[in-house]
Amino acid sequence: MPTKVVIGAQWGDEGKGKITDVLAGNSDVVIRFQGGSNAGHTIVNEHGRFALHQLPSGVFYPHVTNIIGNGVALDLGKFLQEVDALKASGVQPKLLVSDRVQVVMPYHVLLDQDDGYARDKLERVLEVKNVMLEHLYHKQPLSVDSIFDELRKQRDAIAPYVGDTFQFLRDAQKNGARILLEGQLGAMKDPDFGIYPMVTSSSTLAAFGAIGAGVPPYAITDIVCVVKAYSSAVGAGAFVSEIFDEEAQELRLHGGDKGEFGATTGRPRRMGWFDAVATRYGVQVQGATQVALTVVDALGYRKEIPVCVGYEVDGKIRKDFPTTPVLERCKPVWEILPGWNCDIRNVTRYEDLPQACKDYVEFIEKEIGVPITMVSNGPGREAIIYR
C-alpha cells in the first residue's frame, strides 16, 4: 500500500491536524516524524477539542497504531500529560515510541544509559549550565537531585510505549498496512528552503518523512499538502501579504475554529491574504501530489477577497519566491476576487457551494498548479468537501 504524507505548504497552522484526523480513519499507522512540542495540531471531533503537541493526530481511532518517529524531539513530560488528558476524555490511544527518538529534557540527558552514567552526565552538564543561569540570566541554579529524580520517573512512565518502530514499520509495509505520516509547521519554516533565519531546527519537508519516520523514500507516493485559504504566521520575518490593524483583527477573529491564536502559546497570529507566490513555492518544495484547502469558511464575511498574485521588487513583477534578502524588499501585487458573503459551514457537496466560493477555490488551484481534492469548511472532522 502507498505511504501518504500530510504536510504544510505555508507558515504552519494550515490545519494539518484536522486533515490527518480525517485521513487517519482509512489508515493503519500514523507517524509524527519531526518537530517538537513547540507547535500544536488542533482537532475537533466527537471526543471534544484537543491541541496535540506531541501525539500523532490518529490517536482517536482505536484501530490506528500511532508512532512517535525517531525524527521527533520528544518532551517526555508533555507527552505523558497528553496521554493522561486523552485517557481522562475516554480515549485510549494505541502508541509506540521509537527507541531512537531524541529526548528533550534539561540539557538532553540520555535516558537509555544506566543511572550512574546519566547522573554523571547530568552533573557535568549542569556544572556549566548553572554558571550561565546564575551569572548571565540571573536565575536560580538547577538541582541535580530534583532533575534526576524527575527523569527516572518519566523514564519508567514512558517505558511501556517504547519499541523498535523501524522493524515495526518494515513488517507493516510487508503486510500492506496503510501508513500516514504527519508533519509539523510548514514549508516557510524549513531551515534550508524556508525564510531563513526565521525557521525551525528540523526539516519541515515531506522528503524528511523517510528519515524521521524510518521508511524507504520510494514508499512515499502521495503527498497531501495542506493550504490555508488565507495566510497567517507566528514570529518575525518577511510576510509579503500581511495585513494590519482592524482588517487583520477581523480576519483573525473569523479564522480557525476559535480565532487565529497559537495552539501552544495563545498568542495572536500575524494575518495576511492568500499569497499565491509563497504557496506555489511551498507546494513545489513539498512535492505535493494533492492539496487540502482549509478554513475556506472563515472568508464568508467578505464581499471582496484580495489575493497576492505577484511580488513587486526593483521595479519588476516576479512570480517566483526569492531568498530572504530580496523577499524583505518585496511588495504585494493584488488581484481582487468577489467574495460569497455567506456561511458555508453546512454545505457537504462541492457543487452546492456559492459560485464565488468555487471560483475562489479554482483560482487558487490554477495559481499553485496542484489539484485541490479536499475543501475544509469547518473545524469538525465531518466538515470536509471532496472534489
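For the structure given in this document, a descriptive report is provided here. (Residues numbered from 1 in each chain as written. Predicted model: local features only at pLDDT ≥ 70, side-chain atom pairs only at ≥ 80, totals over all residues. Heavy atoms only, no water.)

### Comments concerning the sheet that holds strand β20 (residues 372–376)
Two modes of strand pairing occur in sheets, parallel and antiparallel, and in both the strands are linked by backbone hydrogen bonds. Heads up, the rule is: A pair of strands counts as paired when DSSP detects no fewer than two bridges linking them. The way it works is that DSSP assigns letters per residue, a run of H or I at least four long becomes a helix, a run of E at least two long becomes a strand, and they are numbered from the N terminus.
Pairing within the open sheet is mixed, and its ten strands lie in the order β9-β7-β5-β2-β10-β1-β11-β16-β20-β21. This sheet does not close on itself; its edge strands, each paired only once, are β9 (162–163) and β21 (384–386). The pairing of strand β5 (residues 65–68) with strand β7 (residues 95–98) spans three bridges and is classified as parallel. The partner of Asn66 across the bridge, within β7, is Leu95.

### With respect to the environment of Ser231
Convention followed: When accessible area is computed with a 1.4 Å probe and restricted to protein chains, residues below 20% of their type maximum are described as buried, those above 50% as exposed, and intermediate ones as partly exposed. Here a residue-residue contact requires only that any non-hydrogen atoms of the pair lie within 4.5 Å.
Note that Ser231 resides in strand β12 (residues 231–233). The class of Ser231 is buried, set by a relative accessible area of 1%. Between the C-alpha atoms of Ser231 and Gln10, which are 221 residues apart in sequence, the distance is 7.7 Å. In this view, Ser231 contacts Trp11, Phe239, Ser241, Arg270, Met271, Gly272, Trp273, Phe274 and Asp275; residues no more than four positions away in its chain are not counted.

### A closer look at helix α4 (residues 144–158)
So the rule is basically this: By definition here, a helix of n residues has an expected span of 1.5 Å times n minus one. In this context, the arc is that of the directions from the helix axis out to the C-beta atoms.
Relative to the 21 Å expected for 15 residues at 1.5 Å per residue, α4 spans 21 Å between its end C-alpha atoms, a close match to the ideal helical length. Among the residues making up α4, those that are buried are Val144, Ile147, Phe148, Leu151, Gln154 and Ile158. Across the axial projection of α4, the buried residues extend over an arc of 125°, all falling on one side. Among the exposed residues of α4, those pointing more than 90 degrees away from its buried face are Lys153 and Asp156.

### Section: the layout of surface pockets
Keep this limit in mind: Lining residues are defined by having an atom within 4 Å of a point belonging to a cavity or pocket. Those points lie on a 1 Å grid over the protein atoms alone, cavities being sets where a 1.4 Å probe fits but cannot get out and pockets being open sets with protein on both sides within 12 Å along at least five of seven lines. Grid points are joined across faces, edges and corners, and a volume is the space filled by probe spheres set on the points. Each residue gets one of three labels, nonpolar for Ala, Val, Leu, Ile, Met, Phe, Trp, Tyr, Cys and Pro, charged for Asp, Glu, Lys and Arg, and polar for the others, Gly among them.
Quantified by volume, the largest pocket comes out at close to 520 Å³. By residue class, the composition of the lining of the largest pocket is nine nonpolar, 13 polar and twelve charged.

### Considering a nonpolar patch on the surface
Test applied: Patch membership requires more than 30% relative accessible area and the absence of a salt bridge. Residues of like charge join within 9 Å; the nonpolar side chains Val, Leu, Ile, Met, Phe, Trp and Tyr join within 5 Å. Accessible surface is estimated by sampling points in the Shrake-Rupley manner with a 1.4 Å probe; for residues, cover comes only from the protein chains shown. For this document, the term salt bridge refers to a Lys or Arg side-chain nitrogen within 4 Å of an Asp or Glu carboxyl oxygen.
Together, Val128, Met132, Leu136 and Tyr137 line one region of the surface with nonpolar side chains, adding up to about 400 Å² of accessible area. With a relative accessible area of 54%, Leu136 lands in the exposed category.

### Notes on the sheet that holds strand β14 (residues 270–272)
Defined as follows: Interaxial angle, 0 to 180 degrees, is taken between N-to-C directions of lines fitted to C-alpha atoms, where a helix line uses only the stretch in contact.
The sheet built from three strands is open, its strands ordered β12-β14-β13 with antiparallel pairing. Either end of the sheet is taken by a strand with one partner, and the two such strands are β12 and β13 (242–243). Where β13 lies against β14, two bridges are found, and the strand directions are antiparallel. Counterpart to Ile243 in the pairing with β14 is Met271. Against the sheet, helix α7 (residues 245–254) makes contact with β13 and β14, and its axis sits at roughly 95° relative to β14, the strand it touches most.

### What to know about the packing of aromatic side chains
Geometrically, a pair of aromatic rings is defined through the distance of the ring centres and the angle of the planes. Which entries qualify depends on this criterion: Each aromatic pair joins two rings of Phe, Tyr and Trp (for Trp, the six-membered one) with centres within 6.5 Å, and gets the label stacked for planes under 30 degrees apart, edge-to-face for over 60, and tilted for any other angle. Two conditions define a charge sitting above a ring: the NZ of Lys or the CZ of Arg must be within 6 Å of the ring centre, and it must be within 35 degrees of the ring normal.
Evaluated as defined, the whole model comprises six aromatic pairs. Seen in terms of ring centroids, Trp11 and Phe239 are 4.9 Å apart; in terms of plane orientation they differ by 55°. Their pairing is tilted. On the criterion of sequence distance, the pair formed by Trp11 in the loop between β1 (3–8) and α1 (16–24) and Phe239 in the loop between β12 and β13 is long-range, its members being 228 residues apart. Across the pair, Phe239 and Trp11 agree in class, each one buried. Three or more aromatic residues joined by ring pairs make a cluster, and in this case those are Tyr281, Tyr311 and Phe321. Over the face of the ring belonging to Phe166 we find Arg170, whose NZ or CZ atom lies 4.5 Å from the ring centre. Over the ring of Tyr350 we find Arg387, and its NZ or CZ is 4.6 Å from the ring centre.

### Regarding the nonpolar core
Most often, soluble globular proteins keep nonpolar side chains buried together rather than apart. Heads up, the condition is: Put simply, buried Ala, Val, Leu, Ile, Met, Phe, Trp, Tyr and Cys residues joined by side-chain atoms within 4.5 Å make one nonpolar core.
Formed by 60 residues in total, the largest nonpolar core has its most connected members in Leu181, Val283, Leu299, Trp340 and Tyr360. Take this core: its biggest share by element is seven residues, from helix α10 (residues 355–368). Ignoring sequence-local partners within four residues, the contact set of Val283 consists of Ala9, Cys225, Val227, Ala288, Val291, Ile368 and Val370. Counting residues in hydrophobic clusters, the runner-up holds 21 residues, among them Leu76, Phe79, Leu80 and Val103.

### Side note on the environment of Glu150
By the element assignment, Glu150 lies in helix α4. Owing to a relative accessible area of 37%, Glu150 belongs among the partly exposed residues under this scheme. In this structure, the C-alpha to C-alpha distance between Glu150 and Leu80, residues 70 residues apart in sequence, is 13 Å.

### Some points on the side chain of Asp21
Topologically, Asp21 is positioned in helix α1. When sequence neighbours within four positions are dropped, the list of residues in contact with Asp21 reads Ile43, Asn45, Ser57, Phe60, Tyr61 and Arg381.

### Re the state of the cysteines
Filter applied, for reference: A pair of sulfur atoms, both from cysteines and within 2.5 Å, is called a disulfide here.
Taken as a whole and assessed by the stated rule, the structure comprises zero disulfides. Here Cys225 stays unpaired: no disulfide links it, and the sulfur of Cys308, its closest cysteine neighbor, is 18 Å away. For Cys225, a relative accessible area of 0% translates into the label buried. Of all cysteine sulfurs in the structure, the one in Cys342 sits closest to Cys357, which takes part in no disulfide; the separation is 7.8 Å. The exposure class of Cys357 is buried, given its relative accessible area of 0%.

### Things to note about the pattern of salt bridges
Scanning all chains against the criterion turns up 20 salt bridges. For Arg269, the salt bridge is made with Asp13, and the minimal N-O distance between the two is 3.2 Å. Of this pair, Arg269 sits in the loop between α7 and β14 while Asp13 is found in the loop between β1 and α1, placing the two residues 256 residues apart along the sequence. Residue class for Arg269 comes out buried when judged on its relative accessible area of 8%. The structure contains a network of salt bridges with shared partners spanning Asp13, Lys228, Glu260 and Arg269.

What is shown is where atoms sit, not what they do.
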